[in-house]
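# Commentary on secondary and tertiary structure
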Amino acid sequence: MYTRLSAPLDVQWELTPWCTYNCVHCYNYWRRGKRPKRTLSAKQLEVHNKSAQEIINSKVFHVTLTGGEPLGVLEQLMPELLALKDAGVRISINTNLALMNKRMISLLRQLGIRAILTSLMSADPTLNDNIAQTKGAYRRTVAGIRLAIANGFRVSVNMVISQKNFHTIYETGKLAYELGAQAFCATKVSKPFNCKDFSGYSLLTQQIQQMFRELVRLKRDFGIQVASLEPYPACLFPDDETRAEFGDRHCSAARTSCTLGFDGAIRPCSHAPISYGNAIEIGLLGAWQNMGMWRDGSLIPAACAVECREYPKFCSAGCRIESLNAGTNLSGSDPYCLGSKPVAQRFVAKPELFPASAVIRLLSSVRFRKEDFGYIAYRSSANWQAIDSTLHAILKSTLNEKGVTAKQIAQAYNATESDALETMSILITRHIVEQV
Ligand SMILES: C[S@@+](CC[C@H](N)C(=O)[O-])C[C@H]1O[C@@H](n2cnc3c(N)ncnc32)[C@H](O)[C@@H]1O
């Protein structure tokens, strides 16, 4: 369905290349030349103003503010960000929280931001600061996490895993739990595009598999939610448990999301070095059209697309940028793809069964966008559903009325009640409707 979306559902907006830290593994550290200035120039503000308009006009549902360090320019960009909020665009933020203080809390609240993804490199302060190449980084980020949580923000901690901090995954997850984080994510480091020798950082296959096991152990020991924020090839998972936990993440680059750079350049994802157009010139929709090859399957290597048969439903064939950066090209194999059928079984959730008398109602937080096939019903980047105009009309009517039954849905489609119950089950799983 994503092949026909009129625009991205979610946009990662890199507000600035400036950062409080200088993380040695960071794709932006390797991308930038001399250290950028924190204060945005009049010309940069003009680009941001146009970028905000593009996001609004394209009817994007959700924007993640990122960078560089977005808190560094939040104050300056409040007019643009409030315009997004007023247009109904939901906002979240990726920040290292080094600049978190009372003023930032107030700005974040004004923007309706409740979810924060923060980066912490290790529970070992010296190691953390060495990776950040900034003394005091550990102290500042941990203080920022405490302050954010004390003020009611939902904080998830992301730890980028490289050779340098691999041995501290468990301790860092434990620290995230003790600080009160909602979730702990361990994400394999991706090789930055213009770094010639990343061999001291990149993980071995066995280390990624061990990283998954450490996450499962943290979940078992502390009950904290765990995740890994990259799409991994299905064949990489060593067992059913790790595939069930981390195998559901598909590559969203240019399919449902894209990245808007601080200079207005539009890329398929934050790792990608390739721009398909600029917000100032051809605009977000023009660039989105130009990224067609990212969603029509033509970049998927034959071994995944034809031989393995897990693609596209159960595996998105890893990361195209990892393939590019490994020295092949966009359509090469992900360096972590094992080139064999997955050994781990896919987790198949049992569909929830409802009695024929079940009544459902649209959740009021769901938003719709018109598409040529009907509508997108959107709750969050993880929970959205493509629907046709008939179902759209039925769901909208449930806001005023008492809800709708399987029988009524079946009648509208001239279908069986069991088909209608299946539709209801999908909508409930995606958090589009609730059972009354
Ligand atoms: C570039 S940072 C910008 C936002 C903010 N300054 C921060 O540190 O979270 C955005 C996200 O990318 C992750 N990241 C940076 N470099 C990475 C790499 N080489 N591989 C994977 N993730 C990376 C960070 O951990 C963070 O979650």
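Reading guide: rules and limits
- Residues numbered from 1 in each chain as written.
- Predicted model: local features only at pLDDT ≥ 70, side-chain atom pairs only at ≥ 80, totals over all residues.
- Heavy atoms only, no water.
- Salt bridge = Lys/Arg side-chain N within 4 Å of Asp/Glu carboxyl O.
- Helix = DSSP H or I, 4+ residues; strand = E, 2+ residues; numbered from the N terminus.
- Buried < 20%, exposed > 50% of the residue type's maximum accessible area, 1.4 Å probe, protein only.
- Core = buried A, V, L, I, M, F, W, Y, C linked by side-chain atoms within 4.5 Å.
- Contact = heavy atoms within 4.5 Å.
- Phe/Tyr/Trp six-rings, centres within 6.5 Å; stacked < 30°, edge-to-face > 60°.
- Lys NZ or Arg CZ within 6 Å of the ring centre and 35° of its normal.
- Pairing = 2+ DSSP bridges.
- Axes fitted to C-alpha atoms, helices over the stretch in contact; angles between N-to-C directions.
- 1 Å grid on protein atoms, 1.4 Å probe; cavity = no way out; pocket = protein on both sides within 12 Å on 5 of 7 lines; lining within 4 Å.
- Points joined across faces, edges and corners; volume = space filled by probe spheres on them.
- Nonpolar A, V, L, I, M, F, W, Y, C, P; charged D, E, K, R; others polar.

### Quick notes on the pattern of salt bridges
Two side chains bearing opposite charge may form a pair once their charged atoms approach each other closely. Throughout the structure, instances matching the rule amount to 13 salt bridges. Residue arginine 217 is joined to glutamate 214 by a salt bridge in which the shortest nitrogen-to-oxygen separation is 3.0 Å. Within this pair, arginine 217 and its partner glutamate 214 are both found in helix H8 (residues 205-222), separated by three residues, close to a single helical turn. Assessed through its relative accessible area of 35%, arginine 217 is described here as partly exposed. For the salt bridge of arginine 220 with glutamate 241, the shortest nitrogen-to-oxygen distance reads 2.9 Å.

### Notes on the nonpolar core
Trp13, Leu65, Leu74, Met100 and Phe184 are the most contacted members of the largest nonpolar core, which totals 83 residues. In terms of residue count, H8 provides more of this core than any other element does, six residues in total. When near neighbours in sequence (up to four residues on either side) are disregarded, phenylalanine 184 contacts Val157, Met159, Ile169, Thr172, Gly173, Ala176, Leu215, Leu218, Ile224, Gln225, Val226 and Ala227. Grouped together as the second largest cluster of nonpolar side chains are 23 residues, Ala377, Leu395, Ile409 and Met424 included.

### Observations concerning the packing of aromatic side chains
Scanning the entire structure with this criterion turns up nine aromatic pairs. When the centroid spacing of 4.3 Å and the interplanar angle of 0° are considered together, the rings of phenylalanine 61 and tyrosine 378 count as stacked. Remark: tyrosine 378 occurs in strand S12 (residues 374-378) and phenylalanine 61 occurs in the loop between helix H2 (42-57) and strand S2 (62-66); sequence separation between them is 317 residues. Side by side, phenylalanine 61 and tyrosine 378 carry an identical accessibility label, which is buried. Clustering of aromatic rings is evident, with ring pairs tying together Phe212, Tyr232, Phe237 and Phe246. The ring of tyrosine 170 is capped by arginine 217, whose NZ or CZ atom sits 3.8 Å from the centre of that ring.

### Concerning the environment of threonine 256
Of note, threonine 256 is situated in the loop between helix H9 (240-246) and strand S8 (257-260). Overall, the relative accessible area of 11% leaves threonine 256 in the buried class.

### Brief notes about the sheet that holds S12
Within the open sheet, the three strands sit side by side as S11-S12-S13. Their pairing is antiparallel. The open sheet has two edge strands with one neighbour each: strand S11 (367-371) and strand S13 (384-387). Averaged over all neighbouring strand pairs, the angle between strand axes comes to 20°, with direction disregarded. Relative to S12, S11 runs antiparallel, the two being bridged by five bridges. Bridge pairing in S12 places arginine 367 opposite tyrosine 378. Sitting on the sheet, helix H13 (residues 389-397) is in contact with S11, S12 and S13, with an inclination near 120° to S13.

### A closer look at the layout of surface pockets
Empty space within the second largest pocket amounts to approximately 240 Å³. Lining the second largest pocket are 18 residues, with Glu14, Asn28, Arg31, Phe262 and Arg267 positioned closest to its centre. The class makeup of the residues in the lining of the second largest pocket is six nonpolar, seven polar and five charged.

In short, geometric facts, not functional conclusions.
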